[in-house]
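Chains, contacts and geometry: an overview
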Amino acid sequence: MSQNKSNRMMPLIMALCVVLGIIVGTFYANHFLGNRLNIINSGSNRLNNLLHIIDDQYVDPVDIDSLVEQAIPLILADLDPHSIYISADDVQQVTDDLKGSFSGVGIEFVIRDDTIHVQGVIKNGPAERAGILAGDKIVSIDGEPFVGKVVTESSAKSKLKGPKDTKVTIGVIRYGQKDIKEFTVTRGDIPQKSISAVYMLDKQTGYIKIKNFGENTYAEMLIALAKLSQEGFSNLVIDLRDNTGGYLTAATQIANEFLPKNKLIVYTEGRKDPRHDYRSDGRGSYQKIPLVVLINEGSASASEIFAGAMQDNDRATIIGRRSFGKGLVQQQIGFHDGSMIRLTIARYYTPSGRCIQKPYDKGDDYAEDLLTRYQHGEFFSQDSIKHSGPEYHTSIGRTVYGGGGITPDIFVPEDTIGMTSYFKEASMSGLILQYAFIYTDENRAKLSEFTSEVELAKYLDKQNLVDKFASYADKHGLQRRNLMIAKSHNLLQRYLDSRIIYNIMDESAWIEYLNTDDNVIKKALEVFKENAAFPKKTEQADSLNLNKAS
């Protein structure tokens, strides 16, 4: 009986299943088929489909990887000037610049006449231990000739760098000799210093030059401050001119050393990146020392974060010229092939709330901004500075501006005394650098006798270098112009002296020599003499604070 009943119900059950299946199928079709079509029609899949069609149907064979490699930078360039693609071949070089060290042979070099010239040998480094000297010309690497058009900065670094403890054989021609001498160098860790000069400007004033913010900058800074403490400094100049930036963390760590507890250093915020505040913890050891920060149009990113934090918290006097204006935060995202992108994910804001990113529009030549500033006269007159952003106010009410870099509290124009078109061409053509290197090579034994950049400069000033350079330049395409040379004599002498000092000594000696006649340094010393390093309230600031209170 029950079996007969079951048999009679079976067709009904099957019919219900069919209906249910239709309903479910229709539901999924309406919801997920539409999504699938949307996905296929989205931009990313159209791009994938385009590449597939090209690979499958284009008339000639196509290297799709190469095509993608060319397309990615164009896509990123349409976003903002700082979102970039870095190929796998370039990643190592880019990341090495901010690391504390890299593995290599330990030389500084320049390329002259398609040949590597060893400009300097790192003390106690692999190359020095092997016997390579400054002035040597590298003509072969690992038994293969390495001269001519194949010699570029990237190809040279590629051949000289390598894993630690690996060996490379370097063939050199030494000045005054004809035969090639070969040296086997065992690669090792080469420190990357981001602080290039630490010394006393006078009996009270310490000076620290930071050229970028890398992995070890904070540790280097603590060592530099300890050194200056031993020499009894009571004022401090931090030079960030031409510091293109680096790691945000390094800038905030150093700022923390100079700020009292719970002061805002910087904050970041983006569309998908919630606001994040960076504040001082009150543990800094130099919260009350008079401080001056130097900036110019080459100061960008992390250096602007530091300068902005000091300015907005009224902690230091900022001297120089308006900074670059980079207020965008990038995140590095790697691909499986070793390449990566730096994608802008947020903006950073100084404590007063200003974003100092300079304006940019699609189609504009972002890189030409500094040239535009120069032509507009901004490097020579404070009145020529154009502020594109609104007004903001520091902790005591001083007016500051966003939307285009950090404007210094004290403007110091570029020195144009003695400037001529001859000097500009001599500088920009590279002829001064070339002649300075040749002179160094030909006189290295004598020049190496000097241990002080001051004494070396005195010697060089008596060697008629400007006239010798003018004769050299005349033979290499820069016509001799005696009236202009006479007008620019001091500039030419100073430039030649500085490069020869750099070649013979080191970067620190070069900076110390240039600072002896630097108007920005002179202004900083004046500020300390007048006890004006800590910004003071102005009548405008008092009025602003009164309005806030009422």
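Residues numbered from 1 in each chain as written. Predicted model: local features only at pLDDT ≥ 70, side-chain atom pairs only at ≥ 80, totals over all residues. Heavy atoms only, no water.

Here we take up the pairing of strand E14 (residues 276-279). Where strand E13 (residues 264-269) meets E14, 4 bridges bridge the pair, whose relative direction is antiparallel. Bridge assignment links tyrosine 267 to a residue of E14, and that residue is aspartate 277. Count of turn residues in the E13/E14 antiparallel hairpin: 6 residues. (Pairing = 2+ DSSP bridges. Helix = DSSP H or I, 4+ residues; strand = E, 2+ residues; numbered from the N terminus.)

A few words now on the sheet that holds strand E11 (residues 205-210). The strand order E10-E11-E12-E15-E16-E21 describes an open sheet built from 6 strands, whose pairing is mixed. Bordering the open sheet on either side are strand E10 (195-200) and strand E21 (410-411), each of which pairs with just one other strand. Both E10 and E11 contribute to a ladder of 5 bridges, which runs antiparallel. When the sheet's bridge partners are listed, alanine 197 is paired in E11 with lysine 209. Contacting E10, E11 and strand E12 (235-239), helix H7 (residues 217-230) runs over the sheet at an angle of about 15° to E10. (Contact = heavy atoms within 4.5 Å. Axes fitted to C-alpha atoms, helices over the stretch in contact; angles between N-to-C directions.)

This part covers the packing of aromatic side chains. Enumeration according to the criterion identifies 11 aromatic pairs in this entry. Pairing tyrosine 435 with tyrosine 439 gives two aromatic rings, centres 6.3 Å apart and planes at 35°, and the pair type is tilted. Taken as a pair, tyrosine 435 and tyrosine 439 lie in helix H12 (residues 431-442) at a separation of 4 residues, close to a single helical turn. Over the ring of phenylalanine 379 we find arginine 321; its NZ or CZ atom is 5.6 Å from the centre of that ring. Stacked on the ring of tyrosine 502, the Lys or Arg arginine 499 has its end atom at 4.7 Å from the ring centre. (Phe/Tyr/Trp six-rings, centres within 6.5 Å; stacked < 30°, edge-to-face > 60°. Lys NZ or Arg CZ within 6 Å of the ring centre and 35° of its normal.)

The next subject is the environment of isoleucine 195. Its location among the elements puts isoleucine 195 in strand E10. Overall, the relative accessible area of 10% leaves isoleucine 195 in the buried class. Sequence-distant contacts of isoleucine 195, defined by excluding residues within four places in its chain, comprise Ile208, Lys209, Ile210, Thr217, Glu220, Met221 and Ala224. (Buried < 20%, exposed > 50% of the residue type's maximum accessible area, 1.4 Å probe, protein only.)

For the structure on display, the rule yields 21 salt bridges. Residue aspartate 239 is joined to lysine 209 by a salt bridge in which the shortest nitrogen-to-oxygen separation is 3.7 Å. A residue pair is termed long-range when its members are at least 10 positions apart, and aspartate 239 in strand E12 and lysine 209 in strand E11 qualify at 30 residues. Judged by relative accessible area, which is 12%, lysine 209 ranks as buried. Measuring nitrogen to oxygen at the nearest pair gives 2.9 Å for the salt bridge that ties glutamate 231 to lysine 227. Members of the salt-bridge network, linked through shared partners, are Lys209, Asp239, Arg241 and Asp518. (Salt bridge = Lys/Arg side-chain N within 4 Å of Asp/Glu carboxyl O.)

Below, the discussion takes up the confidence of the model for the protein chain. Of the residues in the protein chain, 89% have a pLDDT of 70 or more, and the chain-wide mean is 87. Between residues 26-40, whose pLDDT stays under 50, and residues either more than four places distant or in other chains, the model counts 6 contacts. Here residues 540-550 is modelled with pLDDT under 50, and outside its nearest four sequence neighbours on either side it reaches 10 contacts, counting other chains as well. (pLDDT = per-residue confidence, 0-100.)

Quick look at the side chain of asparagine 296 now. Secondary-structure assignment places asparagine 296 in the loop between strand E15 (291-295) and helix H9 (302-312). Residue classification places asparagine 296 among the buried residues on the basis of a relative accessible area of 6%. Polar side-chain contacts of asparagine 296 include one of 2.9 Å to the backbone nitrogen of glycine 298. Look past the residues within four positions of asparagine 296 in its chain and what remains in contact with it is Arg241, Asp242, Arg321, Arg322, Ser323 and Phe324. (Polar contact = N/O pair within 3.5 Å; in protein donor to acceptor, adjacent residues only side chain to side chain.)

Take helix H19 (residues 519-529) next. Residues Val520, Ile521, Ala524, Val527 and Phe528 constitute the buried set of H19. One side of H19 carries all its buried residues, which in axial view fall inside an arc of 115°. On its buried face, H19 is in contact with E11, E12, E15, strand E16 (317-320), E21 and helix H18 (507-515). N-capping of H19 is provided by aspartate 518, with a side-chain oxygen placed 2.7 Å from the backbone N of valine 520. Asparagine 531 occupies a position one or two residues after H19 and carries a positive phi of about 55°. (Arc of directions from axis to C-beta.)

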